[in-house]
Amino acid sequence: VLTITKGWNLLSVPVDESQDVENLGDFAILWKYLKDQNKWAVWSPKEDIMEVIQKYVDTDTYELASEIKPGEGFWILSNDNYTLEFEGKRYGDERWYLTEGWNLAGAGKPFTVEEMKNYDVKLIWKYKDGKWYAWSPDENVMKVINSYAENGTIGVVEKIDAGEGFWVKIGE
């Protein structure tokens, strides 16, 4: 079950099967990052929003999103709270296609940030319930993150749950 809350949600498809964006509920707009093209893909079930989106797609500014693949993270702006149910097998990091730089990825199974030790992770960000959370293996970066976490500005990422999307910086 994927819980979508009113406002912005950073999500992933929690099963090992691509999902058509049209089947992801009644939301305002969906965004996903196409790293290989260095551009965003966007889609909306709202006709008036799609008219505006299409103008940008026509000028090659954005692509039109049609599906979300396992391992991809994506943003949804929702006007309401709702849940989606998915049937299928969960996936792990074998569905991530992480390359140097920033990657927008998604989790099919819950994992702790410590489990990402096989990757050259520099920084992880996730967004949940209107709040950003960060983590880094670098002690100096964690000092900064912890100082912001102490005053409640951000939280510290400990784990990523199935169905959550996250930004991860690799290498550099």
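Further up the page is the structure itself.
All figures in this text were calculated on a predicted structure; none of them were measured in a lab. (Residues numbered from 1 in each chain as written. Predicted model: local features only at pLDDT ≥ 70, side-chain atom pairs only at ≥ 80, totals over all residues. Heavy atoms only, no water.)

To continue, consider helix 2 (residues 139–150). Count 3.6 residues to each turn of an α-helix, and residues three or four apart come out pointing the same way. Counted at 1.5 Å a residue, the expected span for helix 2 with its 12 residues is 16 Å, and the 16 Å between its end C-alpha atoms agrees. Sitting at the amino-terminal end of helix 2 is Asp138, which places a side-chain oxygen 2.7 Å from the backbone nitrogen of Asn140. (Helix = DSSP H or I, 4+ residues; strand = E, 2+ residues; numbered from the N terminus. Expected span 1.5 Å × (residues − 1). Polar contact = N/O pair within 3.5 Å; in protein donor to acceptor, adjacent residues only side chain to side chain.)

Mapped onto the elements, Ala162 comes out in the loop between strand 15 (159–160) and strand 16 (165–170). Residues contacting Ala162, with those up to four places away along its chain left out, are Pro14, Arg90, Ala107, Gly108, Lys109 and Pro110. (Contact = heavy atoms within 4.5 Å.)

Ordered in space as 2-8-4-5-6, the five strands form an open sheet in which the pairing is mixed. Taken across any chain shown, the strands that pair with only one partner, and hence form the sheet edges, are strand 2 (7–12) and strand 6 (63–64). In the sheet, strand 4 (residues 29–34) pairs with strand 8 (residues 73–78) via three bridges, with the strands oriented antiparallel. In the sheet register, Ile29 faces strand 8, and the bridge partner there is Leu77. (Pairing = 2+ DSSP bridges.)

Spatially, 10-16-12-13-14 is the arrangement adopted by the five strands of the open sheet, whose pairing is mixed. This sheet does not close on itself; its edge strands, each paired only once, are strand 10 (101–106) and strand 14 (155–156). In terms of strand pairing, strand 10 meets strand 16 through six bridges, oriented antiparallel. Directly across from Leu104, in strand 16, lies its bridge partner Trp167.

What follows covers the nonpolar core. Formed by 30 residues in total, the largest nonpolar core has its most connected members in Leu24, Leu30, Phe74 and Ile76. Looking at this core, the elements with two or more residues in it are strand 1 (2–4), strand 2, strand 4, strand 5 (39–43), helix 1 (47–58), strand 8 and strand 9 (82–84). Among all residues touching Leu24, those that are not within four sequence positions of it are Gln19, Leu30, Ile68, Phe74, Ile76, Tyr82, Leu84 and Phe86. Within the second largest apolar cluster, 20 residues are counted, among which are Ala105, Val113, Ala134 and Phe166. (Core = buried A, V, L, I, M, F, W, Y, C linked by side-chain atoms within 4.5 Å. Buried < 20%, exposed > 50% of the residue type's maximum accessible area, 1.4 Å probe, protein only.)

Take the pattern of salt bridges next. Enumeration according to the criterion identifies 10 salt bridges in this entry. A salt bridge links Glu72 to Lys32; its shortest N-O distance comes to 3.1 Å. Linking Glu72 in the loop between strand 7 (67–68) and strand 8 with Lys32 in strand 4, this pair joins segments that are 40 residues apart in sequence. According to the relative accessible area criterion, Lys32 is buried, its value standing at 7%. Residues participating in the shared-partner salt-bridge network are Lys126, Lys128, Lys159, Asp161 and Glu164. (Salt bridge = Lys/Arg side-chain N within 4 Å of Asp/Glu carboxyl O.)

Over its 12 residues, helix 1 extends 16 Å from the first C-alpha to the last, a length consistent with the 16 Å expected when each residue adds 1.5 Å. Those residues of helix 1 that fall on the buried side of the exposure criterion are Met50, Ile53 and Val57. In an axial view of helix 1, the angular spread of the buried residues amounts to 65°, which keeps them on one side of the axis. Helix 1 presents Asp48, Glu51, Lys55 and Asp58 as exposed residues on the side facing more than 90 degrees away from its buried surface. Those residues of helix 1 that are buried lie in contact with strand 4, strand 5 and strand 6. One or two positions beyond helix 1, positive phi appears at Asp60, with a value near 65°. (Arc of directions from axis to C-beta.)

Nothing here speaks to function; it is geometry throughout.
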